[in-house]
Amino acid sequence: MKRIIPLLIGILAVVAFGQIAVAQVKCSNGVLSVINPTKGVLLKCTIAHQEYLPAPPVKLTRNFGVYIPPNYVPCGIGQPCSGTILKIQGTTHGIANDCNHAPAGNENAGWLAFLDMAPAPAPVMICPEGLFDQFTDVVTNPGERWNVWGYGNGWNWRAVKGSDGLTYSGNLQIHPNDDDFVVTVLRFVQATLQTDPKYSVVTNDWVFLGNLMAYEMAALHPDLFNAVVVYNDPFGSPDSTGNPQTGYSDAHGDPIPLPAAPINVLIIAGLNSSQQSICGGIGYYPWMGTPSYNRPYTVDDTIAYWNSVNQPDTFLYEPNTASKFCNYVGHNAAAVTPLWRYVATNRQTGVTTEVWNLFASRGTPFCSFGPDGNIVPNMCSATNPPIRL
């Protein structure tokens, strides 16, 4: 059976095909359990977690949210069971605001309302919270700053109290082990609620480092996820260099490893006219302490990143007048080629990667179909029908 890895290019879409003691996790407003779980309420939970700093035996209290939808179904009862959606935050909103019942309208709304409508077995959502940055003369809008692929040296975390009662802050006293924190929470929730690990998705709500943290999860832990959905292409956020032949590195010169294995589905949604363009360009983030950065990557580089483990040897281009989605690095219409479908197959393994450019030309499956799988009326015109992948 072939393993298909669709990579949808965003608006553009990109489609690329430890044990924890229960006592350590506390939820203040409900029951996180397979027996009589609290459904329809965002559970606000904490876990004592060992970071790189402070040194053992000092631990920090980390926050995360869990949402168990009305149609949640645990595994082991002889019917299809719920999966999980791991949503990396990375904003200034915090868990209560980022995982709420507000209608969809911006990047921090709509998820729980959608899950309320999802038929059984509806997936459980997990919302881990990163440590927050401090206000400075330059950083006037600080938020969650993930210690992802070496970026921790650039943040100045706000004061937090350790298990020893002392207060720690900055990037010398605090060096979060965010990768382990997120993986630990995911595994705990999957085991506690008996969800199906074969249906596990990691996604993010904000372009800056939230997407890169989601990407790190997928690249380093392909056994935990079968799908990745990121808001804007993570490479070049804020400044990366490299290629599959020589390796990737982040803005601090730290290595970004190649994926450990192919991922089943990768969707990258992004606006071609935005600073985080599918075809790259220049971005400006003065409120982050980074007045400007060069984004030297295009989505073609992202395809090459995942192809480094897929190793395709057969290619299809539609139309066959172009073999890449971008003519050059730049956020303008001329940078985008006519290519709308790319298929790459490894004939020996059967792994296939499909990439669809849905920008301004074809209806997307996200806006065309509701939770029941049926077409949502008036979402696509007669000349722009939905696509079933």
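**Q** Go over the side chain of Lys-87 with me, naming the residues and quoting the values.
**A** Examined against the element boundaries, Lys-87 turns out to sit in strand β6 (residues 84–88). For Lys-87, a relative accessible area of 0% gives the class buried. Look past the residues within four positions of Lys-87 in its chain and what remains in contact with it is Asp-98, Cys-99, Trp-111, Met-125, Ile-126, Cys-127, Pro-128, Thr-203 and Asp-205.

**Q** Mind laying out the nonpolar core, listing which residues take part and the relevant values?
**A** Counting residues in each nonpolar core, the largest one holds 64 residues, and the members touching the most others are Leu-32, Val-66, Val-189 and Val-202. Top contributing element to this core by residue count: helix α4 (residues 178–193), with eight residues. When residues no more than four places from it in sequence are discounted, the contact partners of Val-66 are Leu-32, Val-41, Leu-42, Leu-43, Val-124, Met-125, Val-189 and Leu-193.

**Q** Could you give me a rundown of the state of the cysteines, with the residues and numbers involved?
**A** Under the defined criterion, the tally for this structure stands at three disulfides. In this model Cys-75 forms its disulfide with Cys-81; the gap between the sulfur atoms is 2.0 Å. Judged by the sign of its S-S torsion, about 70 degrees, the bond between Cys-75 and Cys-81 is right-handed.

**Q** An account of the packing of aromatic side chains is needed here, citing residue identities and associated values.
**A** In total, this model carries six aromatic pairs according to the counting rule given. Centroid distance Tyr-215 to Trp-306: 5.7 Å. Interplanar angle 85 degrees. Geometry classified as edge-to-face. One end of the pair, Tyr-215, is in helix α5 (residues 210–220); the other, Trp-306, is in helix α6 (residues 299–310), with 91 residues separating them in the sequence. With 5.6 Å between their ring centres and 90 degrees between their planes, Tyr-305 and Trp-306 make a pair best called edge-to-face.

**Q** Outline the pattern of salt bridges, supporting the account with residue identities and numerical values.
**A** One pass over the structure, following the stated rule, counts eight salt bridges. Between Arg-341 and Glu-318 there is a salt bridge; the shortest N-O distance is 3.1 Å. Here Arg-341 is found in strand β19 (residues 341–345), whereas its partner Glu-318 is found in strand β18 (residues 314–318), with 23 residues between them in sequence. Overall, the relative accessible area of 25% leaves Glu-318 in the partly exposed class. In this structure, Glu-354 engages Arg-341 in a salt bridge whose closest nitrogen and oxygen atoms are separated by 3.5 Å. With Glu-354 in strand β20 (residues 352–357) and Arg-341 in strand β19, the pair connects residues that are 13 residues apart, well separated along the chain.

Conventions and cut-offs
- Residues numbered from 1 in each chain as written.
- Predicted model: local features only at pLDDT ≥ 70, side-chain atom pairs only at ≥ 80, totals over all residues.
- Heavy atoms only, no water.
- Helix = DSSP H or I, 4+ residues; strand = E, 2+ residues; numbered from the N terminus.
- Buried < 20%, exposed > 50% of the residue type's maximum accessible area, 1.4 Å probe, protein only.
- Contact = heavy atoms within 4.5 Å.
- Core = buried A, V, L, I, M, F, W, Y, C linked by side-chain atoms within 4.5 Å.
- Disulfide = S-S within 2.5 Å.
- Phe/Tyr/Trp six-rings, centres within 6.5 Å; stacked < 30°, edge-to-face > 60°.
- Salt bridge = Lys/Arg side-chain N within 4 Å of Asp/Glu carboxyl O.

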